[in-house]
Structures are given as structure tokens and as C-alpha cells.
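Per-entry structural report
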Amino acid sequence: MSSTWILLIAFAFTVMADPISSVAYAIEAALRALDGNLALLWPTMALVIAIIAVITINYHQLIGRFPEGGGAAAAAGTALGEGWAFLPIGALVVDFVLTISISIAASVSAIVAYFPFLAGIRILLALGLLLLVAGLTWFGHGGRTVFALMTLAFVGIGVALIATGFLHASHGSSLLQTTPSALNGFSSSIVAITFAFPVAMALATGVEAPSSAIAQLGQLDQQGRKRFGRITLWLTLVIVGGLTLSITALAVRLGIGIPSNNSTQIAEVARASGSPGLFAAFQLTTTLLLLSAASSSFQAGPGLLKALARKSRKGEATIGILPVWMGRTNQHHTPYWGLGLYTLISALVVIAADAQDQKLVLFYAVSVFLSFLIGLLAMARLSHGKPWLLAINLLGAAVVGFTLVMNLVRGLPIISLGAALLIAGGLYILWIRAGRPRGISSAVQHTEEIDE
């Protein structure tokens, strides 16, 4: 295998750890929002994947426009003015905290599902794992290859589990079966799906990662970055979509509903589908993948704060709106003050949610969908004079906007939006006071660049 293919595989499976790990809790979140109605679960998750496909099409275009990286922040700064870049940046800050928190909580859920006697120390276990991942992050980016291996392992075990599950599934159950509540009428089913699918849009978090992560690929030219980013983007859709719809179909076929307090739906699917050894392997790879997703955000979050504290270097734009000490790093290039801040905030979130991932999933998709919305509106502005591109961007913005509104209708998710807007506003004020330094729209790009 050539070095180019090895680099692509390592890059792609590292970047997609976040969205793939969301499979561990997004399907169950949708089922809970449907009040346990399995008959509507598959169409709900199919709608979620369809929306992710629309977002993917738009980010395919965004990567082509910004092959140096930067994602929605770069698009907003270019199309709308640098001040608008703070909206996706503020959303990212919140998203990183929630990714860490929900990934840690979900990893604890995976462990407790296999070892129920640990349920009584759920919060202590979560805090221990949080400190472990934060401690490993101290040593910098050396774990990127491990992330890729964990993602590959989860996908491989997941495919084996799905195949075994369908092989052993009862011939008496079928995806065509319905529950009484599903027979109340087509319109009531549509209403139920409409209110349920936004919760499962947690599955979409991380699908935008290739658009910013390509900044890591300093050894490639712009065409190479564009190619790697787009391949990763579509491969993520195929794998996340395939795993999600297959596991959902298997859950319906096996009749796996809302689990007990000390288990998860995906764990019960695994328990019913495979041998004890395969079940153990699935729980192990699920836990490790979730911890990898948390570690990825532990690197990206402090890295973003470091970029916002970054002073000018020769021939480069300055940002420097945060205190200089926020950008200080150890010998492994890890911004230790930012790492400590993210650890503290994530610990508070985990404690507030009792280390329950299903309590956090309600808040998760809101901040990233704010980033999606700003990025797609910016791309619509840049598509002026190209009607078909404009139509794609506006369709994406409409779908994302509708999903965001439907999430906010639930009430509590407004906290995520408020936090993102508050952070964006605070950073904007600091930017004004600093004399509007150049380079804000490239902050996310600098976050992903690997220090040598």
C-alpha cells in the first residue's frame, strides 16, 4: 500500500471518530423521543441520514472553496465579514465541551451496560475517565493513529455484529411489523417523526470536521487537501449512514426498545445479536471509540483558544484577542491552560448530567447546527451568479434552520444556543477592543495545524 493511501486512511478514520461514535447514543435518543415506538424508528433515522447527506453535499462545495481548511468560520469571514466568523467559533467552543462530556458519559454507559455493578459509581467513573483522557492529551497529537485504529476496530466489530444479528434474528419478526400507536394514522406518524428526528441529529456532529481538519495536511498541496477532505466527507456519510440504518433495522427486527437505566439500546442489540465474546468486543471498541472522540475535542478545544491568543509571526496575520498565557504550550505543543479549562467545564457538565449521555443529547446538536447554518448562508453568498450552487446552499440552510428550530422548540436546548451566542459575543467584544486584528476567519484553520 502506498504512503498516500496510508495517509488517507489514517486521516479519514481519525477525523470521523466523532460522528461514528455518535451512533452509540443517537439511535436510542430518537427512540426515547418516539416514546419507544419501534415502528417509527427506522423512518426517523432515515430522515436523519438524508439531512446529513444534504449537509455533506454543501460541505463538499465548501471544501472546494476553502481547501486550506477553516470550515464555516472561513466561509463566514470571507462572505459576510470577519466579525461573523465568531458565530461558528462560539458554536465550536460549546460543541467541543459537549463532545467531551457526552462521549465520556456514553463511554461510562457502555461500561455499565457490561458491568452493571458499576452503576453506583457512574459519576466517579466518568470523572476518572475524563481525567485520564485529559492526561493523555497532555502528550500532544501522538494519539491520532490510535484514534484511527479505534474507529476501524469499531466499524469492523460493528459490521460483524450486524451480520451475526441478522443471521440469528427471529424469522417471526420483520421491519414491516408495526405497533398499535403507529397505526393511529399517517399524519400522527409524520408529526411524531418531525418532533423526534432533531434529537437524533446529534449524529450529524462531526460530519463537518474534514472541512477544517484538512489544515493538518501540510504535506499536501491544495488539490491534495481538497481530494482528501472530500473523500473523507463522503466516506463518513457512507459509514455513519450504513451503521446507523443497519443497527436501527436490527433493533426493530429484534424488538429492542428503550433499555433499562443501567444499559443502552445499542448494548442490548449487541447482547441479543452475537456471542458473549462478540458482545464484549463490541462494548470494548465502543468505549475506546467514545474516549477517542473525547480526546479529539480535548485537542481541538484548547487548540482553538490557542489560535485566538496567537500573536503575529512573520508574514502572517495576527489574531491575539485572548490573553497570551492562553496560548502557552508544554514541550508536546499542548496548550495547558486551555486543557485545564476544558477539563473543568466538562467535569461540571458531566456532574450536572449525572454522567447520563441521554440527558446531554438534547443539547448536543444545537451548537453545531448554528455553525452549519452560518456556513451554508455564507456559501450561498459566495455562490452568487451560480444558480445551481445557490439552490444547494439555500436548501441546506433551510433544512438546517428547520432542524435547529425544532430542537429549540423543546425548550432546554436553548441553553446550548445561548452559550454559543454568549461566547461569540464576548469574543467579538474582545476583538473590537483589540483593534479588529486580522485573521479571525482563519482561527479554526490554525487550530488544526500541527506544530512541528
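All residue numbers refer to position in the chain's written sequence, counted from 1. The predicted nature of this model means local features are confined to residues of pLDDT at least 70 and side-chain atom pairs, given and counted, to a pLDDT of 80 or more, with totals for whole chains, interfaces and linings taken over all residues. Working from all heavy atoms in the structure, the side-chain values ignore hydrogens and water.

Okay, the overall build of the protein chain next. Looking only at helices and strands, the protein chain features 18 helices and zero strands. Over its C-alpha atoms the protein chain spans a radius of gyration of 21 Å, differing by no more than 12% from the 22 Å that the globule rule assigns to 452 residues. Oriented by its inertia axes, the alpha-carbon framework of the protein chain measures out at about 70 × 50 × 50 Å. In the protein chain, the proportion of contacts linking residues at least 24 apart, taken out of those at least 6 apart, comes to 81%. The sign given to each residue is positive for Lys and Arg and negative for Asp and Glu; His and the chain ends receive no count. The location of each charge is read from NZ of Lys, CZ of Arg, CG of Asp or CD of Glu. For the protein chain, the distance from the average position of its 23 positive side-chain charges to the average position of its 16 negative side-chain charges is 6 Å. Think of it this way: any DSSP run of H or I at least four residues long counts as a helix, any run of E at least two long counts as a strand, and we number them from the N terminus. C-alpha atoms define the radius of gyration, and 2.2 Å times the number of residues to the power 0.38 defines the globule rule. Contacts are assigned to residue pairs with any non-hydrogen atoms lying within 4.5 Å of each other.

Mapped onto the elements of the fold, Ser 273 is located in helix α12 (residues 265-273). For each residue, the accessible area found with a 1.4 Å probe, counting protein chains only, is set against the maximum for its type, and the residue is called buried under 20%, exposed over 50%, and partly exposed in between. With a relative accessible area of 4%, Ser 273 lands in the buried category. For the purposes of these results, a polar contact is taken to be a pair of N or O atoms within 3.5 Å, where, inside protein, one atom must be able to donate a hydrogen and its partner to accept one; residues adjacent in sequence count only when each atom of the pair is a side-chain atom. Within the local environment of Ser 273, its side chain forms a polar contact with the backbone oxygen of Val 269, the two atoms lying 2.5 Å apart. In this structure, Ser 273 is in contact with Leu 161, Thr 164, Gly 165, His 168, Leu 250 and Leu 254, ignoring residues within four places of it in sequence.

Next up on the list: the packing of aromatic side chains. Any Phe, Tyr or Trp ring, taking Trp's six-membered ring, that has another such ring centre within 6.5 Å forms a pair; planes under 30 degrees apart are called stacked, those over 60 apart edge-to-face, and the others tilted. Here the structure, examined in full by the defined rule, presents 15 aromatic pairs. Pairing Tyr 59 with Phe 372 gives two aromatic rings, centres 5.7 Å apart and planes at 70°, and the pair type is edge-to-face. On the criterion of sequence distance, the pair formed by Tyr 59 in helix α4 (residues 41-65) and Phe 372 in helix α15 (residues 357-382) is long-range, its members being 313 residues apart. You'll find Tyr 59 and Phe 372 in the same group, each marked buried. With a centroid separation of 5.7 Å and 50° between ring planes, the pair formed by Tyr 428 and Trp 431 is classed as tilted. Here Trp 431 and Tyr 428 lie together in helix α17 (residues 414-433), a separation of three residues that amounts to about one turn. Since its relative accessible area comes to 33%, Tyr 428 is described here as partly exposed. A relative accessible area of 5% means that Trp 431 is categorised as buried. Through pairs of rings, three or more aromatic residues link up here, namely Tyr 114, Phe 115, Phe 117 and Phe 279.

A separate point is the pattern of salt bridges. The salt bridge definition used is simple: a Lys or Arg side-chain nitrogen within 4 Å of an Asp or Glu carboxyl oxygen. Tallying each qualifying case throughout the model produces three salt bridges. Arg 271 serves as the salt-bridge partner of Glu 268, at 3.2 Å between the closest nitrogen and oxygen. In this pair, Glu 268 and Arg 271 are both assigned in helix α12, three residues apart and thus about one turn of the helix distant. Judged by its relative accessible area of 39%, Arg 271 falls in the partly exposed class. With its nearest N and O atoms 2.8 Å apart, the salt bridge here joins Lys 359 to Asp 354. Among the residues examined, Lys 359 registers a relative accessible area of 41% and is labelled partly exposed.

Without a salt bridge and with relative accessible area above 30%, a residue can belong to a patch; like charges are then joined within 9 Å and nonpolar side chains (Val, Leu, Ile, Met, Phe, Trp, Tyr) within 5 Å. For accessible areas, the Shrake-Rupley method is used with a probe of radius 1.4 Å. Any residue's cover is judged against the shown protein chains and nothing else. On the surface, Val 191, Phe 195, Val 405 and Val 409 cluster together to form a nonpolar patch covering roughly 340 Å² of accessible area. Among the secondary structure elements, Phe 195 is positioned in helix α9 (residues 186-200). Assessed through its relative accessible area of 40%, Phe 195 is described here as partly exposed.

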